Structures are given as structure tokens and as C-alpha cells.
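# A structural walkthrough
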Amino acid sequence: MCPVTGRSLPPVRNWPALDLHGTDFDPVLAELMREGPLTRIKLPNGGGWAWLVTRYDDVRAVTNDPRFSRKLVADHDVTRLAPHFIPVDGAVGFEDPPDHTRLRRSVAPAFTTRGVERLRDSAREMLDELVAGILADGPPADLTERLLGPFPLAVVCELMGVPASDRPKMHEWTNLILSSAQGVERSQRAKEDMCSSFADLLAQPKDNADEDSVLGLLGTAIAHGEITASEAVGLSLLIQIGGEAVTNNAGNMLYLLLTRPELMERLRAEPAARPRAVDELLRYIPHRSAVGLSRIALQDVEVAGTVIAEGEAVYVSYLSANRDPEVFADPESLILDRSPNPHVAFGYGPHYCVGAMLARLESELLVDAFCDRFPGLRLAVPPEEVPFRRGALIRGPEALPVTW
């Protein structure tokens, strides 16, 4: 019983940072889902406790409710998974409307259907070149190093307008920002270095060929007084980091397909089934550790029959929402032709992933390559020996040794 509000509160559950293998579902999250639609959690870093919302309908309601603020998170020491707090000025993930809307509008043309389709041919060419190099060298190969890392990096840098010479350091900084393995100070320094690099790139004059890139769009928005230079840097950092999430997501997809060869064989035999299969893989695979970004209640709000008081922090779990049996029949099974499949792997509401269409395009191209270009593709080591990232916010194989 809360002595201030008189509410009956559930116990606070500790949620440790787990280094899980493969595509295993987090056992702590599974237990929290069984406890009820609304529980209280304490993560390894930050202070206090936060509410956790796990049911599909409640997750969508909270993420689409303006009574919950992302911006206020910066003023609260919220319990969190990451040892460091990433937001910088212009970090659209920590803004509320109307500023959130203004910032997203500045880069929206790059992520429309037309903007993404503009990249399809060049993305396929970049992928074909990488695959050709792997096939020429012959097996075995580490697909994380040779394909799953370089391809999303090349695509997001093409989208951003980042010069080829700067791409290796962008990749290194992203890995450091998304991991605690080398310490908080190293992550913070990587974030500062990436911000400094984007500030320099934004200050450089653009030619007509760069106008449609994210940096070109941001440069125009700065010139028109629509956003500030520091906001443009923050947006650039967020999009660059998010763009490389495909490395881990696609790595998880391939690992799962290689450990369930009957699924891979079906996708080889039925190319038309692949887009729907990608959606089911996105729903099924737990792509991150624990939970992402919290929100702060701006007033008392009732969720699932419980009042979240003004000023309290709340997390939603898209992973648990994607396993809600009220929405997905037999949610623990991977059903490649599942339809409908209204998963929330890319989020929901105003903070729905701006790069969702691009990520889906890249994933589909990669699945096509796995199925069509590598006959007999299989793991070169036992599944339990495939190393997965440790201390990382986003889950995925550190290396994926294969042969064919």
C-alpha cells in the first residue's frame, strides 16, 4: 500500500542485465508477463523503480497517449538498463509534440516510400558486391564481419550522405555507444566523437546530388530556421545508430533460420512467402535486451485498472506485446505465413521507428541473398558456439561463422 496515494502497489521486481544466447526469450520478462498486465521493475542502473506495461492493447495505448512524456525523462533519474544516458539536443526520441513532430518533419522525405525506393537499386548493388566477394573467397566466412555489418552500414551512410572514408569510424562509434562492455566513459566519448563528426559534415556545403540525403535535408532545415544545428546533430546521431540495428536484427534472423533448416528450405522454395516471413521474424525475435526508453506520466492515468501517478516512470515492452495471446494465436510459435500480423517490432504511436520501411527493405534483400546466393548455407560451428553480444542494448550475434 502506497502511504501517499493509498494505492495497492505490486512488489518491485529486480530485472538484471542478462546476456542471453540466440533468440531465447528473456525469462524475467516472461515471468513479469505472467504476473499481470502492469508490474513494477528495477533495472541495473539509474534510481527508483518504474512501471512495466506488457499487454498489446495497453502498450499501444500508452505509446499513443500524450499524457505520457518522453521529454521529462531527461529530468528524472529513471531506473534503466544502460549505465549511461544517451540523449543529446535534438534527440527526437526524447521529445514530445510539437517539437517531436517538427524534428521528424525535417527528415521525413528520406523515409517516405519514394525516398526508400530511391535506395533500392543502390542497396541491391552494394549487397551484390559484398556477396560476390564472399563467394569468390569461398567458405568458411563470418557473415557478421563480411555482410551483416558492412551492408546496413553502407545503406545508412548512403541515406545519411556520409562519405565512404568516414564509414568505418561511424560503425566503431555506434558499437561503443550501444554497449557497456568497454565502460561508460568510452561510450560517452564515442557519442561525443560522432556528434562532432556530424557537426563538421553538416557545416560543409552540399551539392545537388546530396540534397535528398538526410544531411542535405537537415542542412536545408537549418538554413530555413526550422531546426537548430545542435538539433540536426542529435537527429543525425539517432538515425545513424538506428540504421545499424539491421546488423543485429538480420543476424538474429539468419541464426534462427540456420538452426531451423526446415524454415530456410521453405523460404528457398517459396520466394513469394519471404516478405510475410520477414514480418513474422520481426514479431518473434526478441531484438533487444530488457526495455528501451521510458516515459513520465504528466498526470494520474489509469492503465489496465491501475493508476499510474503523476511523475511516475513507465516502460512498455514491445517484445511482450508481440507475444500477447489475445492478439497472436500461438504466439510462441514461428508461423511464417501468419496473417494478419500487426506486430509492434518498430514501435507504435508518434515514436514509431522513422526508418521502419528502410529496415524492412534491407531485411528482405538480405533474406533473398541468404536463400538464393548461398546454396547449402549452414553454420560452421555448433549453434551453442555462435558468440552473441554481451553487455549490449541490442541483441545479435557478434560473429556468424558459416559454410556452404
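Read on for a plain summary of the structure. Note that this is a predicted model, so its numbers are computed, not measured.

### Re the overall build of the protein chain
Helices and strands together make up the secondary structure of the protein chain, namely 15 helices and 11 strands. In terms of C-alpha radius of gyration, the protein chain reaches 21 Å, essentially the compact-globule figure of 22 Å for 404 residues. Dimensions along the principal axes, computed over C-alpha positions, put the protein chain at roughly 70 × 55 × 40 Å. Residues counted as buried form 53% of the 404 residues belonging to the protein chain.

### What about the state of the cysteines?
Inspection of the entire model under this criterion finds zero disulfides. Between Cys 353, a cysteine without a disulfide, and Cys 157, which holds the nearest cysteine sulfur, the sulfur-to-sulfur distance is 16 Å. By relative accessible area, Cys 353 is classed as partly exposed at 33%.

### What to know about the pattern of salt bridges
Counted according to the given criterion, the structure contains 24 salt bridges. Between Arg 390 and Asp 19 there is a salt bridge, and its shortest N-O distance comes to 3.5 Å. Residue Arg 390 is located in the loop between strand S10 (378-379) and strand S11 (401-403), and its partner Asp 19 is located in the loop between strand S1 (12-14) and helix H1 (27-35); the two are separated by 371 residues in the primary sequence. Taking relative accessible area as the criterion, Asp 19 reaches 39% and is therefore assigned partly exposed. Between Arg 167 and Glu 158 there is a salt bridge, and its shortest N-O distance comes to 3.8 Å. On the basis of relative accessible area, Arg 167 is assigned to the buried category, the value being 17%. By relative accessible area, Glu 158 is classed as partly exposed at 35%.

### A few points about the nonpolar core
Counting residues in hydrophobic clusters, the biggest one holds 111 residues, and the most contacted among them are Trp 15, Leu 143, Val 214, Leu 366, Leu 377 and Leu 400. In terms of residue count, helix H15 (residues 356-373) provides more of this core than any other element does, 10 residues in total. When sequence neighbours within four positions are dropped, the list of residues in contact with Leu 366 reads Leu 127, Leu 147, Leu 148, Phe 151, Val 246 and Ala 250.

### Some remarks on the sheet that holds strand S6 (residues 295-297)
Taken in spatial order, the six strands line up as S1-S2-S3-S9-S6-S4 in an open sheet, and their pairing is mixed. Pairing within the sheet leaves two strands with one partner each, and these edge strands are S1 and strand S4 (68-69). Across the sheet, helix H2 (residues 56-63) touches strand S3 (50-53), S4, S6 and strand S9 (313-316), and the angle it forms with S9 is around 125°.

### Observations concerning the sheet that holds S10
Pairing in this open sheet of three strands is antiparallel, and the strands run S5-S11-S10 from one edge to the other. Since the sheet does not close on itself, it has two edges, and those belong to strand S5 (141-142) and S10, each with one partner. One ladder, built from two bridges, connects S10 with S11; its direction is antiparallel. The partner of Leu 379 across the bridge, within S11, is Val 402.

### Here's the deal with the pairing of S3
Burial of the side chains of S3 extends over both faces: Ala 50 and Leu 52 are buried on one face and Trp 51 and Val 53 on the other. Where strand S2 (residues 38-42) and S3 come together, four bridges link them in antiparallel fashion. By the bridge assignment for S3, Leu 38 is matched with Val 53. Judged from the three bridges that link them, S3 and S9 form a sheet pairing that is parallel. In the strand pairing of S9, Leu 52 is matched with Tyr 315.

### Here we look at unusual backbone geometry
The omega torsion across Pro 97 and Pro 98 is 10°, close enough to zero to call that bond cis. Inspection of the secondary structure puts Pro 98 in the loop between S4 and helix H3 (99-107). In the Ramachandran plot, Ala 304 falls in the positive-phi region, its phi being about 50° despite a non-glycine side chain. Locating Ala 304 in the fold gives a position in the loop between strand S7 (301-303) and strand S8 (306-308). Positive phi, close to 50°, is recorded for Asp 330, a residue that is not glycine.

### Some points on helix H11 (residues 245-259)
The end-to-end C-alpha distance of H11, which contains 15 residues, comes to 21 Å, matching closely the 21 Å that a straight helix rising 1.5 Å per residue would cover. Most of H11 is tucked away, with 13 of its 15 residues classed as buried.

Here is what the cut-offs are and how they apply
- Residues numbered from 1 in each chain as written.
- Predicted model: local features only at pLDDT ≥ 70, side-chain atom pairs only at ≥ 80, totals over all residues.
- Heavy atoms only, no water.
- Helix = DSSP H or I, 4+ residues; strand = E, 2+ residues; numbered from the N terminus.
- Rg over C-alpha atoms; globule rule 2.2 N^0.38 Å.
- Buried < 20%, exposed > 50% of the residue type's maximum accessible area, 1.4 Å probe, protein only.
- Disulfide = S-S within 2.5 Å.
- Salt bridge = Lys/Arg side-chain N within 4 Å of Asp/Glu carboxyl O.
- Core = buried A, V, L, I, M, F, W, Y, C linked by side-chain atoms within 4.5 Å.
- Contact = heavy atoms within 4.5 Å.
- Pairing = 2+ DSSP bridges.
- Axes fitted to C-alpha atoms, helices over the stretch in contact; angles between N-to-C directions.
- Expected span 1.5 Å × (residues − 1).

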